[in-house]
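# A closer look at the structure
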Amino acid sequence: MRASQNFPPSSSPMASHFHGLQFNTAAPSPALLAPQTLDRRSPKSVRCRRSRGRDGSVACRSSLVGEQQEASPFTDPEAQLIEALIGIQGRGRSATPRQLQDVERAVAVLETLAGVPDPTSSDLIEGRWQLMFTTRPGTASPIQRTFVGVDVFTVFQEIYLRSNDPRVSNIVVFSEAIGELKVEAAASISDGIKILFRFDRAAFSFKFLPFKVPYPVPFRLLGDEAKGWLDTTYLSQSGNLCISRGNKGTTFVLQKLTEPRQLLLSAISTGKGIEKAIDEITSSSKSKADSELELVEGEWNMIWSSQMETDSWIENAANGLMGAQIVKRSGQLKFVVNILPGLRFSVNGSFVKSGTNAYDVTMDDAAIIGGPFGYPVEMESKFKLELLYTDDKIRITRGYNNIVFVHLRVDGTK
């Protein structure tokens, strides 16, 4: 048994409030979804003929005769940004340098393209936006440090500029059962891209209380510290995607419409609606795919399974119920579980294709490894693995004991 390597597991107070609270508390979280408009197939798992519209949008037509897929709600450059966001936890707080580079590159591309002109004058900017990503400012407010990187919370920004009382609000939703924190700012338009704001009120709304609890910040005493601005540097023609930059140098990515994989990751973060999100992806993939799915090589972390782990961690590790999974083109498979710092369990095996989207898996070479030393463990586990959905970022399978697994790729993007 050869030793295996370790793999990863899965300033001004009020101006910062806007940048921290406003966009920073959501994990990949559930947002307003219009399932009928989304083409949920991964470009890697399905073959399709693409046609480009004048606005850069791409329509995907299946190679099956007579079957026409609906246009994606995102253009190709927008889809590249969403692809870069998949798998980033804490809305950017836990992003690796590689992930940050991918996001920044995709943002830069969109900012050079022609989005909606004079976005602050467009009706498309109005409404509720969900924060999907934010860069980390040099100084973070207590709100940002407390809420922004917590995936179980959801963060929204509401923009209403066409009223007698123009406002921009930042909303942290703790859960449907607990309630939310809403921080409001009086807003005005400076030009076609800039929104000026001044915070003036905030309150907690708890489901178990019949009244609001004031947020203890004396806005009136803060003077210029309660002021700030936002530049909308990109607003999509569909009104589904927005990029803005704040006066503290922070970049925000917000969406009104979430892509199905984002919805799944949000559901896993909050622990609600996971099965429904999986059904949405897998059922659409089955009905529209015209090619077989293949195990994609790379390092994958198991982030969710339909069955809890058993009492035996060795059995859990051998059956893929915990830890990382490494897939190799040679037909070799490895499960790695970090037991303690410097101590891990590793089991090697193989997979052989046995049917459409199905594999026979045998795991039979196990050891507990500490540094350069390994202690062999006698064990064998055999099971069938069915691919329900896969792309370069997310994989959904049915494996040992008919358990459904969701894996997230952790070795970067192609």
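Residues numbered from 1 in each chain as written. Predicted model: local features only at pLDDT ≥ 70, side-chain atom pairs only at ≥ 80, totals over all residues. Heavy atoms only, no water.

### So, the overall build of the protein
Heads up, the condition is: Helix and strand definitions here come from DSSP, where helices need a minimum of 4 consecutive H or I residues and strands a minimum of 2 consecutive E residues; each element is numbered from the N-terminal end. Relative accessibility under 20% of the residue-type maximum defines a buried residue, over 50% an exposed one, and the middle range a partly exposed one, all with a 1.4 Å probe and only protein chains included. The Shrake-Rupley method, run with a 1.4 Å probe sphere, supplies the accessible areas, and residue values consider only the shown protein chains as cover.
Of the regular secondary structure elements, the protein holds eight helices and 20 strands. Per-residue burial over the protein gives 53% buried out of 414 residues. Counting every atom, the protein has about 19000 Å² of accessible surface; 53% of that belongs to carbon and sulfur.

### Re the side chain of N319
For clarity, the cut-off: Think of a polar contact as two N or O atoms within 3.5 Å of one another; within protein, one of them needs to be a possible hydrogen donor and the other a possible acceptor, and neighboring residues in sequence only count if both atoms come from side chains. Every residue pair with non-hydrogen atoms within 4.5 Å of one another is taken to be in contact.
Along the chain, N319 turns up in the loop between α8 (313-318) and β13 (324-327). A polar contact is formed between the side chain of N319 and the side chain of S381, at a distance of 2.4 Å. With near-sequence residues (within four places) excluded, N319 lies in contact with F335, S381, F383, Y400 and F405.

### Thoughts on the pattern of salt bridges
Just so we agree on the cut-off: Any Lys or Arg side-chain nitrogen found within 4 Å of a carboxyl oxygen on Asp or Glu counts as a salt bridge.
In this structure the tally under the stated criterion is 22 salt bridges. The partner of D392 in a salt bridge is R409, with the nearest N and O atoms 3.8 Å apart. One end of the pair, D392, is in the loop between β18 (381-390) and β19 (394-398); the other, R409, is in strand β20 (residues 404-409), and 17 residues separate them in sequence. We classify D392 as buried; its relative accessible area is 10%. Here R409 falls in the buried class, since its relative accessible area comes to 11%.

### A short note on helix α2 (residues 76-85)
Under the convention used in this document: Each direction from the helix axis to a C-beta atom contributes to the arc, which is the arc of those directions.
Every buried residue belonging to α2 is among E78, L81, I82, A84 and L85, and all of these are buried. Down the axis, α2 shows its buried residues gathered within 160 degrees of arc, on one side only. Looking at the buried residues of α2, the elements they touch are α3 (97-112), β3 (127-134), β9 (227-235), β10 (241-246), β11 (251-255) and α6 (260-270). Just beyond α2, the residue with positive phi is G87, at close to 95 degrees.

### Here's the deal with a nonpolar patch on the surface
Using the following cut-off: Residues enter patches when they are more than 30% accessible in relative terms and free of salt bridges; like-charged ones are connected within 9 Å and nonpolar ones (Val, Leu, Ile, Met, Phe, Trp, Tyr) within 5 Å.
Taken together, W313, I339 and L340 make up a surface patch of nonpolar side chains, about 260 Å² in accessible area. Within the secondary structure, I339 sits in strand β14 (residues 332-340).

### Re α6
In terms of burial, α6 is a largely internal element, nine of the eleven residues being buried. Among all positions of α6, only P260, R261, Q262, L263, L264, L265, S266, A267 and I268 are buried. The N-cap residue of α6 is E259: its side-chain oxygen and the backbone nitrogen of R261 are 2.7 Å apart. G271 sits one or two residues past α6 and shows a positive phi near 80 degrees.

### Remarks on the environment of G323
Tracing the chain through its elements places G323 in the loop between α8 and β13. Through-space distance from the C-alpha of G323 to that of V337 is 4.5 Å; in sequence the pair is 14 residues apart. Beyond its immediate chain neighbours, meaning those up to four positions away, G323 contacts W300, N301, M302, V336 and V337.

### Considering the confidence of the model for the protein
Low-confidence regions, as indicated by low pLDDT, have predicted coordinates that should not be scrutinised in detail. What counts is decided by this rule: The predictor attaches a confidence to each residue, and that confidence, scored 0 to 100, is pLDDT.
Overall, the prediction assigns the protein a mean pLDDT of 80, with 77% of residues at 70 or greater. For the stretch residues 1-69, pLDDT sits under 50, and the model shows 250 contacts to residues farther than four places along the chain or on other chains.

### Here we look at the packing of aromatic side chains
Keep this limit in mind: Any two of the Phe, Tyr and Trp rings considered here, Trp counted by its six-membered ring, make a pair once their centres fall within 6.5 Å; the pair's planes then place it as stacked at under 30 degrees, edge-to-face at over 60, or tilted in between. Two thresholds decide whether a charge sits over a ring: the Lys NZ or Arg CZ must be within 6 Å of the ring centre and within 35 degrees of the ring normal.
Across all of its chains, the model carries nine aromatic pairs by this definition. Aromatic pair F351 and Y359: ring centres 5.6 Å apart, planes at 80 degrees, arrangement edge-to-face. Take F351: its relative accessible area is 14%, and that puts it in the buried class. With a relative accessible area of 4%, Y359 lands in the buried category. With 6.4 Å between their ring centres and 75 degrees between their planes, F383 and Y400 make a pair best called edge-to-face. Within this pair, whereas F383 is found in strand β18, its partner Y400 is found in the loop between β19 and β20, the two being separated by 17 residues in sequence. Residue F383 is classed as buried on the basis of its relative accessible area, which comes to 11%. By way of ring pairs, the aromatic residues F153, F174, F204, F206, F208 and Y215 are connected into one cluster. Taking the ring centre of F156 as reference, the NZ or CZ of R128 above it sits at 4.5 Å.

### Description of the pairing of strand β6 (residues 179-189)
Selection criterion: Any two strands are treated as partners once DSSP identifies two or more bridges connecting them.
Looking at chain direction, strand β5 (residues 167-175) and β6 are connected through eight bridges and run antiparallel. Bridge pairing in β6 links S175 to G179. Hairpin remark: β5 followed by β6, antiparallel, with three residues in the connecting loop. When β6 meets strand β7 (residues 194-206), the two strands line up antiparallel, connected through eleven bridges. Following the sheet pairing, L181 is matched in β7 by F204. Following β6, the chain reverses through four residues before pairing antiparallel with β7.

### Things to note about unusual backbone geometry
The phi angle of most residues is negative, glycine excepted, and most peptide bonds adopt the trans form. Of note, the phi angle at N357 is positive, near 60 degrees, even though the residue is not glycine. The topology assignment puts N357 in the loop between β15 (343-355) and β16 (358-370). Its relative accessible area of 17% is what places N357 among the buried residues. At N402, a residue that is not glycine, the phi angle is positive and equals roughly 60 degrees. Here N402 lies in the loop between β19 and β20. Using a relative accessible area of 61% as the deciding quantity, one classes N402 as exposed.

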